[in-house]
Amino acid sequence: MYKNKVAVLLLTMSLLAALLSGCTGNTSTSGQAVTPVSETFFIFDTVVTIKIYDNRATTKNFQELEALMKDIDSKINRSNEDSEIYKVNANAGIAPVQVSQETFDLVKIAVDYAQQTGGLLDPSIGPLVSLWNIGHEGAHVPPAADIEAAQKLVDYRKIELNEDAREIYLQDKGMDIDLGSYGKGFAADLIYDYLQTQGFESAIIDLGGNVFAMGNKPGGREWNVGIQHPDQKRGIDIGTLKVTDKSMVTAGIYERFFVENGKTYMHILDPRTGYPVDNNISSVTIIADTSTAADTMDTSLLIMGIEDGLKFAEENNAQALFITKDKKLYATPGFKEMLNKTNDEYTFAN
């Protein structure tokens, strides 16, 4: 049994509905009515919706945003034979590859984050991702020997970065960079930066559920965000919270998985074991100042677990909420204070 892209689309739609509820008829601080302008794209293998709350937004703005996203995707998509990351991977153990500044910066961010987490979120996870193939037809539990062989190729310390030449080199043949835990967040931040340079102050940037609520709603009100109920259909929340100029990303076991012999295998892999994460956590939601931070942190916290994850989030100026399979909530103090819980099935355990 597989979760397909329809589920991702439904999650995106439900999150947008929560964010945009009550947004019709918005007015700016000057009292002028604001008609939101939006476009939807399919890129990064997901549905992307950008909604700008400014009457000055034009078709040209969305054309430039689409070009920006396509440019990033063409550089970091490991499945695209013309991408820079594909070329880096193809030259593993052979030669360094010169890349664009954007690709170099993202890989550097990924390596720095891997160091910070002791390798729990490792950008060289590609061999394991390809082996398990979760989210695609034919996914199954690989032979233990194959898992062990792929695991030996996962080591961020063997990614060499030459800043002066903007070159990336993977020391061992067969190594493979996968930026799936970083790319959408990085792109969302670039979109945010573009909107700022154009003078826009209020927007919703949604890359397949990776949401950046830019500024406030027109008129200065906070955005209202729903927290998805992990065991129910899309659009059913366990609570809501209000945010201003924050990114929110959720990772959960319901996103991509397969079932074999009655056991569920989720898409997030633990490089320490070579197997999908297997714990009592249903989902983790991160709220951070940047989408790159939120996108990377949600995955690594699922691997870390609750106690270490909450501590890590606080140390990195982020808010986190864990939802467990037995319907317990664990949150940083800031998240707990922000959350308006609306489902009594879920109770705080901390």
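Refer to the structure printed above.
Residues numbered from 1 in each chain as written. Predicted model: local features only at pLDDT ≥ 70, side-chain atom pairs only at ≥ 80, totals over all residues. Heavy atoms only, no water.

Asker: It is not clear to me how the sheet that holds strand β7 (residues 210-214) should be interpreted in this structure. Could you clarify?
Answerer: Paired through their backbone hydrogen bonds, the strands of a sheet run either parallel or antiparallel. Strand order in the open sheet made by the nine strands is β1-β2-β6-β7-β10-β15-β16-β17-β19, with mixed pairing throughout. At either margin of the open sheet sits one strand with a lone partner, and together these are β1 (37-43) and β19 (347-348). Each of β1 and β2 (46-52) is contacted by helix α2 (residues 59-76), which is oriented at about 20° to β1, the strand it contacts most. Of the strands in this sheet, β2, β6 (203-207) and β7 touch helix α7 (residues 183-197), which is tilted by about 155° from β6. (Pairing = 2+ DSSP bridges. Helix = DSSP H or I, 4+ residues; strand = E, 2+ residues; numbered from the N terminus. Contact = heavy atoms within 4.5 Å. Axes fitted to C-alpha atoms, helices over the stretch in contact; angles between N-to-C directions.)

Asker: Explain the packing of helix α8 (residues 291-304) against helix α9 (residues 306-315) here, please?
Answerer: The description of two helices packed together rests on the angle between their axes and the distance between the axes. Between α8 and α9, whose axes approach to 7 Å, the crossing angle comes to 145°. Contacts between α8 and α9 involve M297, L301 and M304 on the former and, on the latter, I306, D308, G309, F312 and A313. Class assignment of the residues belonging to the contact of α8 with α9 gives a composition of six nonpolar, one polar and one charged. (Nonpolar A, V, L, I, M, F, W, Y, C, P; charged D, E, K, R; others polar.)

Asker: Would you mind showing me how to read α2 here?
Answerer: Each α-helix winds once per 3.6 residues, and so residues spaced three or four apart point in a common direction. The terminal C-alpha atoms of α2 lie 26 Å apart, and with 18 residues this matches the ideal 26 Å at 1.5 Å per residue to within 8%. Here α2 has its buried residues at N61, F62, L65, M69, I72, D73, K75 and I76. One side of α2 holds all its buried residues, which, seen down the axis, span an arc of 165°. Among the exposed residues of α2, those oriented more than 90 degrees off its buried face are T59 and K60. Among the structural elements, β1, β2, α3 (84-90), α4 (101-116) and α7 are those in contact with the buried residues of α2. (Expected span 1.5 Å × (residues − 1). Buried < 20%, exposed > 50% of the residue type's maximum accessible area, 1.4 Å probe, protein only. Arc of directions from axis to C-beta.)

Asker: Is there a simple way to think about unusual backbone geometry in this case?
Answerer: Negative phi characterises most residues that are not glycine, and trans characterises most peptide bonds. Phi is positive for N133, close to 60°, though the residue is something other than glycine. You can see N133 is positioned in the loop between α5 (126-132) and α6 (144-151). Judged by its relative accessible area of 28%, N133 falls in the partly exposed class. Positive phi values are uncommon outside glycine, yet D245 reaches one of about 55°. In this structure, D245 sits in the loop between β9 (237-243) and β10 (246-252).

Asker: How should I be thinking about the packing of aromatic side chains in this particular structure?
Answerer: Ring pairs (aromatic) are described by centroid distance and by the angle formed between their planes. Applying the stated criterion across every chain yields a total of seven aromatic pairs. Judged by centre distance (5.5 Å) and plane angle (65°), the rings of W132 and Y275 are edge-to-face. With a gap of 143 residues between them, W132 in helix α5 and Y275 in strand β14 (residues 275-276) connect regions that are remote in the sequence. Considering the side-chain rings of F258 and Y265, the 5.1 Å spacing of their centres and the 15° angle between planes classify their relative orientation as stacked. Across the pair, exposure class does not vary: F258 and Y265 are buried alike. Three or more aromatic residues joined by ring pairs make a cluster, and in this case those are W132, F258, Y265 and Y275. Stacked on the ring of Y265, the Lys or Arg K263 has its end atom at 5.6 Å from the ring centre. One residue, K336, lies across the ring of F348, its end atom 4.9 Å from the ring centre. (Phe/Tyr/Trp six-rings, centres within 6.5 Å; stacked < 30°, edge-to-face > 60°. Lys NZ or Arg CZ within 6 Å of the ring centre and 35° of its normal.)

Asker: Honestly, the sheet that holds strand β4 (residues 159-162) in this entry has me stumped. Any pointers?
Answerer: Here three strands make up an open sheet; going across it, the order is β3-β5-β4 and the pairing antiparallel. Sheet topology places β3 (97-98) and β4 at the edges, where each strand pairs with a single neighbour. Pairing of β4 with strand β5 (residues 167-170) involves four bridges; the strand directions are antiparallel. By the bridge assignment for β5, I159 is matched with L170.

Asker: For this particular structure, what's the right way to read α7?
Answerer: The end-to-end C-alpha distance of α7, which contains 15 residues, comes to 21 Å, matching closely the 21 Å that a straight helix rising 1.5 Å per residue would cover. Those residues of α7 that sit buried are G183, G185, F186, A187, A188, D189, I191, Y192, Y194 and L195. Next to the buried residues of α7 lie β2, α2, α4, β6, β7 and α8. Looking one or two places after α7, you find G199, whose phi comes out positive at around 85°.

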